[in-house]
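Notes for the structure review
So you can see what is in the structure, the chains are spelled out below.
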Amino acid sequence: MREYLMKGCDVVKADEPLAEAFEEERRRLMAVAYRMLGSKADAEDVVQEAWLRLARQDAGIVENLSGWSTTVVSRICIDVLRSRKTKPEVLYDEIPELLITEEGDGSLEDGAVLAESVSLALLVVLEALGPAERVAFVLHDMFAIPFEEIGQIIGRSGDAAKVAASRARRKVHGTHRATVSRRQERAVVDAFLDAARHGDFGGLLQVLDPDVVWRSHTARGVVVKLGSTAVASRAQRGARAKGSARSVRVNGQPGIVVWSLDGRPLSVMACTVVGGRILDIVSVTDPQRLATLELGEPPDLAPGTGAVGGVDGPDKG
């Protein structure tokens, strides 16, 4: 346990029992902040800021550490979310931590691994919510915090907090309508990949939702394609690419990892399937980001295998 904490030029002496109590809360607070912000780095900063504020308090003032820390973390998250809204150009610059598992591997659905992951699609929906809606939804629907307490956190009445959470819930459930089985999801994604490999524009349109969004994290930044026509056109460009691909699950969703013929990782792609069509695609082609992911070994490389997900060039968009 660290007795002293530093931030900038400030040195804070930590009360040992208080520090131990906060450490017991840290994982839960990380989960709260991560689901609000969608960024592990931002969540870590928020929780650390909450600890620094606590360390400056008289230990006897905080009677309910769990409630106090949840309130402080949530309010700091609100400030971060409001800051993002004033800087729309930074939206989607970060993606949540990607957990890659083999297709058919049930480990992601078990215990702590699932608790540490966040659906890519859910984070995309949450990003579109206002700060109060997002905080109310996360605190109530994911952590079962009463609306009266949420109202105090967001500066509204308990009834207003309930309305905010309900409004957010409708938006979230509207996006996650008509869910399908894992096997059906994989079949849709495989049909998309097959159509892309053959340059079948019509086939691509059949499996893409009209409002599909493709966010590609490249070395030059985030490239966003909106609508089935734009996404199908981009996927078509991968038809002539040569590489080797393997089906995986990315944060529990159907995805694919692509390697070049010489064994270099080229891209990771995850798809959200709703109502039998792909509604959202997230892909990573930035070599630095790919280097941080546990992708496993490439399959036996077979020349002539077309692939998508930015194989046509990570900087082409």
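**A few points about the packing of aromatic side chains**
Within this structure, the stated rule accounts for two aromatic pairs. Ring centres of F22 and W51 lie 5.3 Å apart, and the angle between their planes is 40 degrees; on these two criteria the pair is classed as tilted. Of this pair, F22 sits in helix α1 (residues 16-37) while W51 sits in helix α2 (residues 40-55); the two residues are 29 residues apart in sequence, bridging distant segments of the chain. According to the relative accessible area criterion, W51 is buried, its value standing at 3%.

**Notes on the pairing of strand β6 (residues 244-250)**
In terms of residue burial, β6 counts as a mostly covered element, since five of its seven residues are buried. Linking β6 back to strand β7 (residues 253-259) in an antiparallel pair, the connection comprises two residues, with N251 at a positive phi of about 50 degrees.

**Looking at the nonpolar core**
Residues M36, V73, L139, I150 and I154 are the most contacted members of the largest nonpolar core, which totals 43 residues. Those elements giving two or more residues to this core turn out to be α1, α2, α3 (65-85), α6 (131-142), α7 (147-154) and α8 (158-175). Apart from the residues within four sequence positions on either side, V73 is in contact with L29, V32, A33, V46 and A50. The next biggest cluster of nonpolar side chains, apart from the first, holds 22 residues, and it includes A195, L204, A232 and M269.

**Here we look at the pattern of salt bridges**
Counted by the stated rule, this structure contains ten salt bridges. Ionic pairing is found between R53 and E49, a salt bridge with its closest N-O pair at 3.1 Å. Note that R53 and E49 are positioned in helix α2 at a spacing of four residues, about one turn of the helix. The exposure class of E49 is buried, given its relative accessible area of 18%.

**Notes on the packing of α1 against α2**
Put simply, α1 and α2 touch, their axes get as near as 8 Å, and they point 145 degrees apart. For the element pair α1 and α2, the recorded crossing hand is right-handed. Residue-level contacts link L18, A19, F22, R26, L29, M30, A33, Y34 and L37 of α1 to K40, D42, A43, E44, V46, V47, Q48, A50, W51 and L54 of α2.

**Quick look at the pairing of strand β8 (residues 265-274)**
The element β8 is extensively covered by neighbouring structure, given that nine of its ten residues are classed as buried. Across five bridges, β7 lies against β8 in antiparallel orientation. Across the sheet, the residue bridging to I256 is M269, located in β8. Counting the residues in the hairpin turn of β7 and β8 gives five residues, including G263, whose phi is positive at 90 degrees. In this sheet, strand β9 (residues 277-284) lies alongside β8 in antiparallel orientation, the contact comprising seven bridges. Along β9, the bridge assignment pairs V274 with R277.

Here is what the cut-offs are and how they apply
- Residues numbered from 1 in each chain as written.
- Predicted model: local features only at pLDDT ≥ 70, side-chain atom pairs only at ≥ 80, totals over all residues.
- Heavy atoms only, no water.
- Phe/Tyr/Trp six-rings, centres within 6.5 Å; stacked < 30°, edge-to-face > 60°.
- Helix = DSSP H or I, 4+ residues; strand = E, 2+ residues; numbered from the N terminus.
- Buried < 20%, exposed > 50% of the residue type's maximum accessible area, 1.4 Å probe, protein only.
- Pairing = 2+ DSSP bridges.
- Core = buried A, V, L, I, M, F, W, Y, C linked by side-chain atoms within 4.5 Å.
- Contact = heavy atoms within 4.5 Å.
- Salt bridge = Lys/Arg side-chain N within 4 Å of Asp/Glu carboxyl O.
- Axes fitted to C-alpha atoms, helices over the stretch in contact; angles between N-to-C directions.
- Left-handed = near helix turned anticlockwise from the far one by under 90°.

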